[in-house]
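Summary of structural features
Take a look at the letters that make up each chain.
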Amino acid sequence: MTTHLRPAGAERHEADGGRTRAYAVCVNGHPVGDVELATDPRLGPTAGRVRTLRIHKPERGRGRGTVAALAAEEVLRGWGCRDVLLSLDARADVGLRLAAALGYTETGRTLDKKPAEAPELPHGCVVRPMAAAEYPDWRIAEADTYAQRWRERGMSPDEARSRSRADHDDLLPAGAATPDVALRVLEHDGAAVGTVWIALRPLIATGGYVYSVAVAPEHRGRGHGRTLMRVAERECLAAGLPTLGLHVFAGNDVALRLYESLGYRPTAYHLRKPLI
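All of the points below concern the structure found in this document. Numbers given for residues are sequential positions, taken from 1 along each chain in its written order. Totals for whole chains, interfaces and linings use every residue, but because this is a predicted model, local features are given only for residues with pLDDT of at least 70 and side-chain atom pairs only at 80 or more, for both listing and counting. By convention in this description, side-chain values take in all heavy atoms of the structure and omit both hydrogens and water.

1. Notes on the overall build of the protein
Heads up, the rule is: The helix and strand labels rest on DSSP assignments: H or I over at least four residues marks a helix, E over at least two residues marks a strand, and numbering proceeds from the N terminus. Only protein chains enter the calculation, and the probe is 1.4 Å; a residue is then buried if its accessible area is under 20% of its type maximum, exposed if over 50%, and partly exposed in between. Working rule for contacts: check all heavy atoms of both residues, and any pair within 4.5 Å makes them a contact. We get accessible surface area from the Shrake-Rupley algorithm with a probe of 1.4 Å; when it comes to residues, only the shown protein chains can shield them. Under the convention used here, Asp and Glu are negative, Lys and Arg are positive, and both His and the chain ends fall outside the count. Each charge is placed at NZ for Lys, CZ for Arg, CG for Asp and CD for Glu.
What the protein contains, in helices and strands, is six helices and 13 strands. Counting every position in the protein, which comprises 276 residues, the buried fraction comes to 43%. Within the protein, residue pairs in contact and separated by at least 24 positions form 62% of the contacts whose partners lie at least 6 positions apart. Only carbon and sulfur atoms are counted for the fraction: they give 52% of the accessible area of the protein, which is about 14500 Å². One finds the centroid of the 38 positive side-chain charges in the protein at a distance of 6 Å from the centroid of its 34 negative side-chain charges.

2. Describing the pattern of salt bridges
Basically, it comes down to this: Should a side-chain nitrogen of Lys or Arg be within 4 Å of a carboxyl oxygen of Asp or Glu, the pair is scored as a salt bridge.
Applying the stated criterion across every chain, the model contains 21 salt bridges. Note that Arg 12 is salt-bridged to Glu 36, the shortest N-O span being 3.4 Å. Of the two residues, Arg 12 sits in strand E2 (residues 12–13) while Glu 36 sits in strand E4 (residues 30–40), which places them 24 residues apart along the sequence. Since its relative accessible area comes to 41%, Arg 12 is described here as partly exposed. Through salt bridges with shared partners, one network takes in Arg 12, Glu 36 and Arg 51.

3. Description of the packing of helix H5 (residues 224–238) against helix H6 (residues 253–261)
A pair of packed helices is characterised by two quantities: the angle between their axes and the separation of those axes. So the rule is basically this: Helix axes use the C-alpha atoms of the stretch in contact, all axes being lines fitted to C-alpha atoms, and the angles between their N-to-C directions lie in the range 0 to 180 degrees. We call two directions roughly parallel when the angle between them is under 35 degrees, roughly antiparallel when it is over 145, roughly perpendicular when it lies between 65 and 115, and oblique otherwise. When the near helix sits turned anticlockwise from the far one by under a right angle, the crossing is termed left-handed; a clockwise turn instead gives a right-handed crossing.
Contact geometry for H5 and H6: axes closest at 11 Å, N-to-C directions at 50°. Between H5 and H6, the angle is such that the two are oblique. Viewed along their axes, H5 and H6 form a crossing whose handedness is right-handed. On H6, the residues that touch Gly 225, Arg 226 and Met 229 of H5 are Leu 258, Tyr 259 and Ser 261.

4. Some points on the packing of helix H3 (residues 135–152) against helix H4 (residues 157–171)
Two elements in contact, H3 and H4, have axes separated by 8 Å at closest approach and are oriented at 130°. With respect to each other, H3 and H4 are oriented oblique. As H3 runs across H4, the sense of the crossing is right-handed. Residue-level inspection shows Arg 139, Glu 142, Ala 143, Tyr 146, Ala 147, Trp 150 and Arg 151 of H3 in contact with H4, the latter providing Pro 157, Ala 160, Arg 161, Arg 163, Ser 164, Arg 165, Asp 167, His 168 and Asp 169.

Written out as structure tokens, the structure reads:
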């Protein structure tokens, strides 16, 4: 029996060069599932994404998903993609096992938590809004750190800087005065020791979202990262938001251990596989 992908609609093209197309997963010409493929809007036309891959229940357990995933990779190669990306619900055990078997590796994960009450801050800690005069230096350091993350994932230095600049421009159009954004500075015994950036009306989550937690190098190892996350939870609760989410890159084990110790749990895994 032959499993293949059959186009299920016209290919859609975007002004930025992106493309999207839906396919039916067919066995001997009969549909048994569906797939939607696209290029990634953030990474550009050389990064493909499997948006959905579903096999109908009666057809599961017969290898249909494996063949469909491999066929999807061939389509993306034909589009000129160098990588294929996918994001899976943390509860999708079957999908996660299939992705691992096909050679996908984790690039990061999304976690969230429902804060129950505003946590107390340690003695000697004070939180204040970031001053306008502090914002330019913070922005430069933040953009450099973010660009480094993209370089570690294979992006060229120029592309990484451009991506970082564009994302920060989108998320902070009015700088420190951007509405529904909390930029907070943590002081301990009168010294500024770290910052946290929280979106209170993010486009990518239903609650609050922590974009960045940063502790000054000379103040690390003293629990200030934990305190900054407590600050984020207080801001989330004060804004009446039910959850607080964040993303952690694969390999950042120190941050992951911190978030897990605070009760954050994965909601999605983000995976990548090179196509060439």
